[in-house]
Structures are given as C-alpha cells and as structure tokens.
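This is what each chain is made of:
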Amino acid sequence: MATNELRKRANWQTVSGAAALDAESKFHLALQSALDEVYPNKFLVDRHPKEFGDIYSKYGLPQEVLEEIYNIDVTEIKRNGKPRYSWGISMDFAIRNLENGKILFGEIKRQDGWIEGTKSSAGRGNAHERSTKYFTPGLSRAIRQLSNLSEEILPFWIVYIGDITRDPKRNREIAFWFQEYTKNYFMWRDTDNVASLLDFFENNLLPYLL
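Residues numbered from 1 in each chain as written. Predicted model: local features only at pLDDT ≥ 70, side-chain atom pairs only at ≥ 80, totals over all residues. Heavy atoms only, no water.

Turning to the pairing of strand β3 (residues 103-110), a few remarks are in order. Counting buried positions along β3 yields seven of eight residues, so the element is predominantly enclosed. Pairing geometry for strand β2 (residues 93-97) and β3, over four bridges, is antiparallel. What sits directly across from isoleucine 95, in β3, is leucine 104. Adjacent in sequence and paired antiparallel, β2 and β3 are bridged by five residues, among which glycine 101 carries a positive phi angle near 80 degrees. (Buried < 20%, exposed > 50% of the residue type's maximum accessible area, 1.4 Å probe, protein only. Helix = DSSP H or I, 4+ residues; strand = E, 2+ residues; numbered from the N terminus. Pairing = 2+ DSSP bridges.)

The five strands lie next to each other as β1-β2-β3-β4-β5, forming an open sheet whose pairing is mixed. Edge positions in the sheet fall to β1 (43-47) and β5 (185-187), since each of these pairs with one other strand and no more. Looking at each pair of strands side by side, their axes are set apart by 20 degrees on average, direction ignored. The strands touched by helix α8 (residues 194-204) within the sheet are β2, β3, β4 (156-161) and β5, with β5 carrying the most contacts at an inclination of about 160 degrees. (Axes fitted to C-alpha atoms, helices over the stretch in contact; angles between N-to-C directions. Contact = heavy atoms within 4.5 Å.)

A word on the pairing of β2. For β2, a buried count of five out of five residues is recorded, marking the element as mostly surrounded by other parts of the structure. In β2, alternate side chains face the same way, and those of Phe93, Ile95 and Asn97 on one face and Ala94 and Arg96 on the other are all buried. Note that β1 and β2 share five bridges and pair antiparallel. When the sheet's bridge partners are listed, valine 45 is paired in β2 with isoleucine 95.

Our focus in this paragraph is α8. Residue pairs spaced three or four apart in an α-helix point in one direction, given the helix's 3.6 residues per turn. Within α8, nine of the eleven residues are buried, which leaves it mostly tucked inside the rest of the structure. For α8, every residue scored as buried is listed here: Val194, Ala195, Leu197, Leu198, Asp199, Phe200, Phe201, Glu202 and Asn204.

The biggest cluster of nonpolar side chains holds 32 residues, and the ones touching the most others in it are Phe27, Leu31, Leu35, Ile95, Trp157, Trp188 and Phe201. Of all the secondary structure elements, the ones that give two or more residues to this core are α3 (23-38), β1, β2, β3, β4, α8 and α9 (206-209). The element contributing the most residues to this core is α3, with seven residues. Counting 18 residues, the second largest nonpolar core, distinct from the first, contains Met91, Tyr160, Phe178 and Tyr185. (Core = buried A, V, L, I, M, F, W, Y, C linked by side-chain atoms within 4.5 Å.)

What the rule picks out here adds up to 15 aromatic pairs. Pairing phenylalanine 93 with tryptophan 157 gives two aromatic rings, centres 5.9 Å apart and planes at 80 degrees, and the pair type is edge-to-face. Taken as a pair, phenylalanine 93 in strand β2 and tryptophan 157 in strand β4 lie far apart in primary sequence, 64 residues in all. Exposure class is identical for phenylalanine 93 and tryptophan 157. Each is buried. (Phe/Tyr/Trp six-rings, centres within 6.5 Å; stacked < 30°, edge-to-face > 60°.)

A cluster of nonpolar side chains, namely Tyr59, Leu61, Val65 and Ile69, defines an oily patch on the protein surface of about 380 Å² accessible area. Tracing the backbone through its elements, the reader meets tyrosine 59 in the loop between β1 and α4 (63-66). Note on tyrosine 59: relative accessible area 63%, which makes it exposed. (Patch = residues over 30% accessible without salt bridge, like charges linked within 9 Å, V, L, I, M, F, W, Y side chains within 5 Å. Areas by Shrake-Rupley, 256 points an atom, 1.4 Å probe, with all protein chains shown as cover. Salt bridge = Lys/Arg side-chain N within 4 Å of Asp/Glu carboxyl O.)

Shown next as structure tokens:
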C-alpha cells in the first residue's frame, strides 16, 4: 500500500525555492531532497552519469566490416591522456542506492504537443522517438547489467514534460511502446506539481531500488 512518505516528509521549503528553476533542475532537487529526508545518506540523484559515454567507441566491429568502412584507431590517446574518440550516450540522471549498488538510469524528455487551440502539426519533434533507443537489445542489456534491478521493470525511467504530455496522438504512441511497463515512464504534466512526481516514483520505482 502506498505511503507517499517522500511527499509527506519532503523538505518543501527547499523544494519551493526551486520555483524559478527549469523542470530538469527541479526534478533533481526535489527527488534528492525528498530521498534525503526519508533515507538519509542512502541515495544519490546523479546528474549526467558517465557510465555509457564510450560504449559505442569501445564496441568492436567484425574485421570484414572494418575493411569496408572508413576505419580509424579508436584506441588513440590525446596529449592529455584522454581518448581521442569517446562515443556513447549521456543520460540525464541516475538514482543510486549507495548501500546496495542498485541504479535507476533515466532521461527527461521535453517536447511540444497537440493541445487545445492548436493544430495536430503542433505535435512536431522527435524527442520522444529518440528515447526508444533504450529498447534496443544492446542498450537495454548494457543498462540492465549496471542497474542490478529486477527484470520485472525496464532498467530505465523516461519522464516526459511539455505539451507532449497532453497530446492525444503522442500519449497513445508512448503507451503502446511501454505497454505492461507502465512504471517506466511518467507524464509530468504539471511540473510545478512536484508531489505527483514524488508519488509516482515512490509507488512505482522506489521499491525496486531498496
């Protein structure tokens, strides 16, 4: 049964001070503040985790492919000792349980949408479609291996913001993609309503991190 302790015990003085911040910053501040109140020193809401920053550049291709493409030495090092080539992905956040090593990675996707008083063309953009890369076998496997989460859920959480969250077409698209994994995405329709975000996270995802 949901207790909604994160919302009940959140430091609302701290959260209310974020009113002028963008939604992404508000997300991190609110979630970290609430988790600190309920689980002191147990969680870190990490911005832009680095784990997947070079997963593409380090991925080996078959020799027959290398012979047919523009091939380079992907192991080349710059003068400062850092790799010259570092290709991968940069996710927006990682919610880390510092005690058991479980991690929930995720992204915040902002997009326009078709709502009252606009035409269907207002729902332009493909930010939501770019999030589907996490369903691919390679990325899904790589994220799951580091997340240590139960296979009952996907190893990532997508938070959608902007008018897309009320778009009749995009809501159906996204719901179709996730289907039985409804815990893995959240339509944050009112980003001033931090309580709704905290309740969703606590009731759907937090148990998998504990």
